[in-house]
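Overview (structure and organization)
One-letter residues, chain by chain:
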Amino acid sequence: QVQLVESGGGLVQVGDSLRLSCAVSGRAISRATMAWFRQAPGKEREFVGALDWRGYTTYWADSVGGRFTISRDNALNTVYLRMNALKPEDSAIYFCASAASALLVPPRSPAEYDAWGQGTQVTVSS
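Okay, so let's go over this structure. (Residues numbered from 1 in each chain as written. Predicted model: local features only at pLDDT ≥ 70, side-chain atom pairs only at ≥ 80, totals over all residues. Heavy atoms only, no water.)

Opposite charge on two side chains lets them pair, provided their charged atoms get close. Inspection of the entire model under this criterion finds four salt bridges. As a salt-bridge pair, D114 and R27 come within 2.9 Å of each other at their nearest N and O atoms. A residue pair is termed long-range when its members are at least 10 positions apart, and D114 in the loop between β9 (92–99) and β10 (115–116) and R27 in the loop between β3 (18–25) and β4 (33–39) qualify at 87 residues. R27 sits in the buried class, given a relative accessible area of 18%. R38 is the salt-bridge partner of E46, the closest N and O atoms lying 2.9 Å from each other. We classify E46 as partly exposed; its relative accessible area is 28%. (Salt bridge = Lys/Arg side-chain N within 4 Å of Asp/Glu carboxyl O. Helix = DSSP H or I, 4+ residues; strand = E, 2+ residues; numbered from the N terminus. Buried < 20%, exposed > 50% of the residue type's maximum accessible area, 1.4 Å probe, protein only.)

Okay, the state of the cysteines next. Applying the stated rule across the entire model yields one disulfide. The residue that forms a disulfide with C22 is C96, at a sulfur-sulfur distance of 2.1 Å. Handedness here is read from the sign of the S-S torsion; for C22 and C96, about -85°, the answer is left-handed. On the criterion of sequence distance, the pair formed by C22 in strand β3 and C96 in strand β9 is long-range, its members being 74 residues apart. On the accessibility criterion, C22 (0% relative accessible area) is buried. Given a relative accessible area of 0%, C96 falls into the buried group. (Disulfide = S-S within 2.5 Å.)

As a further point, take the packing of aromatic side chains. For the coordinates displayed, the defined rule picks out five aromatic pairs. Here the aromatic rings of F95 and W116 are separated by 6.4 Å at their centres, their planes lie at 75°, and the arrangement is edge-to-face. Linking F95 in strand β9 with W116 in strand β10, this pair joins segments that are 21 residues apart in sequence. Accessibility expressed as a relative area gives 24% for W116, which makes it partly exposed. Among the aromatic residues, those joined into a cluster by ring pairs are F37, F47, F95, Y113 and W116. Lying across the ring of F95, R45 places its NZ or CZ 4.1 Å from the centre. (Phe/Tyr/Trp six-rings, centres within 6.5 Å; stacked < 30°, edge-to-face > 60°. Lys NZ or Arg CZ within 6 Å of the ring centre and 35° of its normal.)

And the structure:
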């Protein structure tokens, strides 16, 4: 059974940086498509970014610009989301997601991902 566990969220101030972790079991991230989503209160779940199955390319939502970076550690089977220059509008529950298919271009739709973590809260205050 594939399981994803996010960690690293918390309360930060505007302009701070934060790194989220997604520890995966039951599926090798090197053979999967890994993505990050976020959901703020009253809003739809939003695609943040993703790695293709090689881990060479990252695809980003327009809203995050160049502030976020996704990386992975295959030995630890863990994916990371580094967030810089955080803004209040970045406040949300952040979810790690996985698709079993080795996709060259990761999809932006949540429906394409079959495994999800429980989420970790990120709150950015002024």
